[in-house]
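Tertiary structure, described
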Amino acid sequence: MTRRVETKHMERGRIAIAGAGIVGLACAFELYRRGHEITLFDAASPTESTSWAAAGMIAPAYEVMLHRGGAKTPLARFCFESAALWPEFAEALRVETGIPFGYARAPTLAIARNDKEADRLVTLKKSLIAAGHICHWRHGQALPGSLGASSEVQAALELPDDHQVDNRHLIHALRSLCDSESFRFVRAVVNTQEEMERYAGNSFDAIIWARGAHEVGIDSIVKGQALALYPVAGVPEQVLRFGAGYIVPKPDRVIIGATSEETYSHTGVSQKATKALFEEAVAILPILSKAKIMEVWTGLRPRRGNGVPLIGSIGENEYVAAGLHRNGVLLAPATARRVADLVEGKPSAIDAEAFAPSGNMDATA
Ligand SMILES: Cc1cc2nc3c(=O)[nH]c(=O)nc-3n(C[C@H](O)[C@H](O)[C@H](O)COP(=O)(O)OP(=O)(O)OC[C@H]3O[C@@H](n4cnc5c(N)ncnc54)[C@H](O)[C@@H]3O)c2cc1C
């Protein structure tokens, strides 16, 4: 049963947020926009966060295939709800900071390389359509040529709801609000309200914990390795997805990802994984064989139970926003709105009851 904690209605609160990854920063931006006074705590460089390691996909439709239960589960609905909030979130941040962060709305193409993958895309298509979403089947001999892809590509499902953003530029834009003093930033590791108040020199009306893989209640961490190539001419502008892999073209790099390792011996990069990711991408887009590797990295995805987020009240005026696993970039606007509604004690239009700390742990519920 979900634990409900009553919160007083807050006019202009002093809010403390632990963790300046995409989740903490999005909560800070939402609450700042509503007129609250924000203090963010983080000791690490943004480059060390999982948010920096992401590929920036905003992919509610394709992710349906990677979490269980189809397009009507609470998690799938939350993903679509957040994707729908992205245009307003992006526009508000662009207006506030003037910093571009590559929010691009070209539809994603989910690719099938064999009959088994084609069957999975057919199932995805049925599930999306049954839930009222749009997608278009593309097949035929002209498809590989039109994409610059190899003959490995047999068919594709076009997903108009799946977009992308440059997550690193996004973090830069959100963090610029700390530099411009819209938010106060305290460079410190914090694990209690007392520590926050001691570092800040004032008390807080509400506390939000958004410490990513270090958050209390996160019971597993899934390592992901990805790489970036220098851009080469001939790469399609659209994101391409295949199985668990993807090619995400950005103006200044092409991201190829990603591994999903629930057990691993170290958090560093593996040459074997780099080679496998590169070769899989080249088998789809042969033009990539000409591209040089720019960077290889890993990140630690925070995961809870069966993969549902952890968002809600954990005490009086105390909230958690974590466990966004594979979808922290996608889910940032809806998570921030939900947390801000809880902080203000308002009924929320965002349906996230299933992700409450003591709520249902099953993603398929
Ligand atoms: C390879 C890879 C690709 C991915 N691609 C995508 C994608 O395309 N789309 C998508 O939606 N998601 C993607 N993800 C998932 C996404 O990156 C995560 O869901 C998201 O970054 C989680 O954000 P977060 O803010 O919870 O955690 P983080 O980004 O890790 O931020 C947590 C912050 O908390 C700080 N912190 C920790 N402990 C403390 C403390 N005690 N006090 C103060 N601060 C503290 C840390 O320093 C850190 O800055 C990907 C992940 C990986 C690894």
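Residues numbered from 1 in each chain as written. Predicted model: local features only at pLDDT ≥ 70, side-chain atom pairs only at ≥ 80, totals over all residues.

Counting 113 residues, the largest nonpolar core has Ile17, Cys27, Ile208, Ala321 and Val339 as the members making the most contacts within it. Inspection of this core shows a minimum of three residues originating in each of domain 1 (14-97 + 166-218 + 305-355) and domain 2 (108-163 + 220-303). (Core = buried A, V, L, I, M, F, W, Y, C linked by C-beta atoms within 7 Å. Buried ≥ 20, exposed ≤ 12 C-beta atoms within 10 Å, placed from the backbone. Domains from an automatic or database assignment.)

Read across the sheet, eight strands follow the order 5-6-4-11-12-13-10-14 without closing on themselves; strand pairing throughout is mixed. Strands at the two margins of the open sheet, each flanked by one partner only, are strand 5 (136-139) and strand 14 (293-303). Between one strand axis and the next, the sheet turns by 25° as a mean value, whatever way the strands run. Of the strands in this sheet, strand 4 (108-112), strand 5 and strand 6 (155-159) are in contact with helix 5 (residues 115-130), which crosses strand 6 at around 25°. (Pairing = 2+ DSSP bridges. Helix = DSSP H or I, 4+ residues; strand = E, 2+ residues; numbered from the N terminus. Axes fitted to C-alpha atoms, helices over the stretch in contact; angles between N-to-C directions. Contact = placed C-beta atoms within 7 Å.)

Turning to the domain arrangement of the protein chain, a few remarks are in order. One widely used convention gives an interface's size as the accessible area the parts lose upon coming together. According to the domain assignment, the protein chain contains domain 1 (14-97 + 166-218 + 305-355) and domain 2 (108-163 + 220-303). Domain 1 puts 30 residues into the contact, and the matching count from domain 2 is 33 residues. Broken down by secondary-structure element, the contributors of at least two residues to the side of domain 1 that touches domain 2 are helix 2 (50-53), strand 3 (57-58), helix 3 (60-66) and helix 4 (74-97). Element by element, the count of residues in the side of domain 1 that touches domain 2 is highest for helix 3, at five residues. For the side of domain 1 that touches domain 2, the residue count by class is 19 nonpolar, seven polar and four charged. (Nonpolar A, V, L, I, M, F, W, Y, C, P; charged D, E, K, R; others polar.)

Close contacts around the ligand come from 42 residues, with Gly19, Gly21, Gly212, Gly299 and Gly328 the closest. Listing elements by their share of the shell around the ligand, those giving two or more residues are helix 1 (22-33), helix 2, strand 10 (220-229), strand 14 and helix 10 (328-344). Grouping the constituent residues of the shell around the ligand by class yields 22 nonpolar, 16 polar and four charged. Two domains share the shell around the ligand, each providing at least three of its residues, namely domain 1 (14-97 + 166-218 + 305-355) and domain 2 (108-163 + 220-303). (Near = placed C-beta within 6 Å.)

On to the confidence of the model for the protein chain, then. For the protein chain, the mean per-residue pLDDT works out to 93, and 96% of the residues sit at or above 70. Segment residues 1-7: pLDDT under 50, and 13 contacts once partners within four positions in sequence are set aside and those in other chains are kept. (pLDDT = per-residue confidence, 0-100.)

With that settled, the discussion passes to the sheet that holds strand 2 (residues 37-41). Spatially, six strands are ordered 8-2-1-9-16-15 in an open sheet, and the strand pairing comes out mixed. Single-partner strands in this sheet number two, and they are strand 8 (184-186) and strand 15 (310-315). Pairwise comparison of adjacent strand axes, ignoring direction, gives a mean angle of 20° for this sheet. Where strand 9 (residues 206-209) and strand 16 (residues 318-322) come together, three bridges link them in parallel fashion. When the sheet's bridge partners are listed, Ile208 is paired in strand 16 with Tyr319. Against the sheet, helix 1 engages strand 1 (14-18), strand 2, strand 9 and strand 16, with an angle of about 170° to strand 2.

Okay, the environment of Gly217 next. Secondary-structure assignment places Gly217 in the loop between strand 9 and strand 10. On the basis of neighbour count, Gly217 is assigned to the partly exposed category, with 14 C-beta atoms found within 10 Å. Gly217 sits 86 residues away from Arg303 along the chain, and the two C-alpha atoms are 9.1 Å apart. With sequence-adjacent residues up to four places away left out, Gly217 is seen in contact with Arg304, Leu310, Val320, Ala322, Gly323 and Pro357.

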